[in-house]
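Now for the letters of each chain:
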Amino acid sequence: MTTHSKQYITDAEWEVMRIVWANGPLASREIINHLLDIFPWKEGTIKSLINRLVQKEVLGKVEGSKPFKYQATIQEKDAITKELDTYWERVCHKDSGKLLHHLIETKELSQSDITTLMQALEAKRETAPEEVACQCPVGQCRCHL
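- The protein has the name CopY/TcrY family copper transport repressor in an unreviewed UniProt entry, where Suicoccus acidiformans is given as its organism.

Structural data, given as structure tokens:
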């Protein structure tokens, strides 16, 4: 499987990918039926989304399948990590702690998740700088004022 898409995956395309990641290779009819159960979309819209994902090389056709089945060419975890990394690069690195704090405060976490996070933070503390440096070009954040 490849680990990089050619282009950004839109919110609607992400919904298609979630169906494929959750259910494995699926025929277009199966993808359409799953999505019509969730969203008030038209079949043509869903077919267009599938075609765009094939063009972006994040969905591929399973060789020899009749009818054609589609499978993800990127792992879900890799796609999520890429999305998070892309977002994180848009924000001043000095705000990283505030963003993590917001996520911890607003998202539901299991006891196991919390234990894992606490262990990761304790390990991170060993090599953490006193202050995180700003990576923004002048004029893109408050640090340069």
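## Description of the nonpolar core
- Membership of the largest hydrophobic core comes to 21 residues, with the highest contact counts inside it found for Val16, Met17, Trp21, Ile31, Ile50, Leu53 and Leu59.
- Broken down by element, this core gets its largest block of residues, 6 residues, from helix H1 (residues 11–23).
- Setting aside anything within four residues of it in sequence, one finds Trp21 in contact with Trp14, Ala72, Ile74, Gln75, Glu76 and Ala79.

## Considering the sheet that holds strand S3 (residues 69–72)
- Read across the sheet, 3 strands follow the order S1-S3-S2 without closing on themselves; strand pairing throughout is antiparallel. Each end of this open sheet is capped by a strand with a single partner; those strands are strand S1 (26–27) and strand S2 (59–61).
- With 2 bridges joining them, S1 and S3 adopt antiparallel strand pairing. Counterpart to Ala27 in the pairing with S3 is Lys69.
- Strand contacts of H1: S1, S2 and S3, with the helix running at about 95 degrees to S3, the strand carrying the most contacts.

## Details of the pattern of salt bridges
- One pass over the full model with this rule turns up 9 salt bridges.
- The residue Arg29 makes a salt bridge to Glu43 at a minimum N-O spacing of 2.7 Å. Here the residue Arg29 occupies a position in helix H2 (residues 28–38), and Glu43 occupies one in helix H3 (residues 43–55), the gap between them amounting to 14 residues.
- Between Arg142 and Asp95 there is a salt bridge, with its nearest N and O atoms 3.5 Å apart. Of this pair, Arg142 sits in the segment after helix H6 (111–125) while Asp95 is found in the loop between helix H4 (76–89) and helix H5 (96–106), placing the two residues 47 residues apart along the sequence.
- Taken together, the shared-partner salt bridges connect Glu13, Arg52 and Lys56 into one network.

## Some details on the confidence of the model for the protein
- Across the protein, the average pLDDT comes to 92, with 95% of residues at or above 70.
- Element-level mean pLDDT values for the protein span from 92 in H4 up to 98 in H1.
- Here residues 1–5 is a poorly scored stretch, pLDDT under 50, and it has 13 contacts once near neighbours within four places are set aside; other chains count.

## With respect to H3
- Compared with an ideal rise of 1.5 Å per residue, which puts 13 residues at 18 Å, H3 spans 18 Å between its outermost C-alpha atoms and is within 8% of the ideal.
- The set of residues buried in H3 consists of Ile46, Leu49, Ile50 and Leu53. For H3, the angular spread of the buried residues around the axis is 100 degrees, confining them to a single face.
- Directly beyond the C-terminal end of H3, a positive phi value near 65 degrees is found at Glu57.

## Considering the domain arrangement of the protein
- When cut into domains, the protein gives domain 1 (1–90) and domain 2 (92–144).
- Between the C-alpha centres of domain 1 and domain 2 the distance comes to 30 Å.
- Contact with domain 1, which involves 4 residues of that partner, is made by 6 residues of domain 2.
- Approximately 410 Å² of surface area, both sides summed, lies buried where domain 1 meets domain 2, with 59% of it carried by carbon and sulfur atoms.
- Per-residue buried area on domain 1 facing domain 2 is highest for Tyr87, Trp88 and Glu89; these three make up 91% of the total on that side.
- Summed over the shared surface of domain 1 and domain 2, the result is 0 salt bridges.
- Counting across the interface, domain 1 meets domain 2 through 1 residue pair in polar contact (both at pLDDT 80 or more).
- A per-class count over the side of domain 1 that touches domain 2 returns 2 nonpolar, no polar and 2 charged.

Analysis parameters
Residues numbered from 1 in each chain as written. Predicted model: local features only at pLDDT ≥ 70, side-chain atom pairs only at ≥ 80, totals over all residues. Heavy atoms only, no water. Core = buried A, V, L, I, M, F, W, Y, C linked by side-chain atoms within 4.5 Å. Buried < 20%, exposed > 50% of the residue type's maximum accessible area, 1.4 Å probe, protein only. Helix = DSSP H or I, 4+ residues; strand = E, 2+ residues; numbered from the N terminus. Contact = heavy atoms within 4.5 Å. Pairing = 2+ DSSP bridges. Axes fitted to C-alpha atoms, helices over the stretch in contact; angles between N-to-C directions. Salt bridge = Lys/Arg side-chain N within 4 Å of Asp/Glu carboxyl O. pLDDT = per-residue confidence, 0-100. Expected span 1.5 Å × (residues − 1). Arc of directions from axis to C-beta. Domains from an automatic or database assignment. Buried area = accessible area lost by both parts, 1.4 Å probe. Polar contact = N/O pair within 3.5 Å; in protein donor to acceptor, adjacent residues only side chain to side chain. Nonpolar A, V, L, I, M, F, W, Y, C, P; charged D, E, K, R; others polar.

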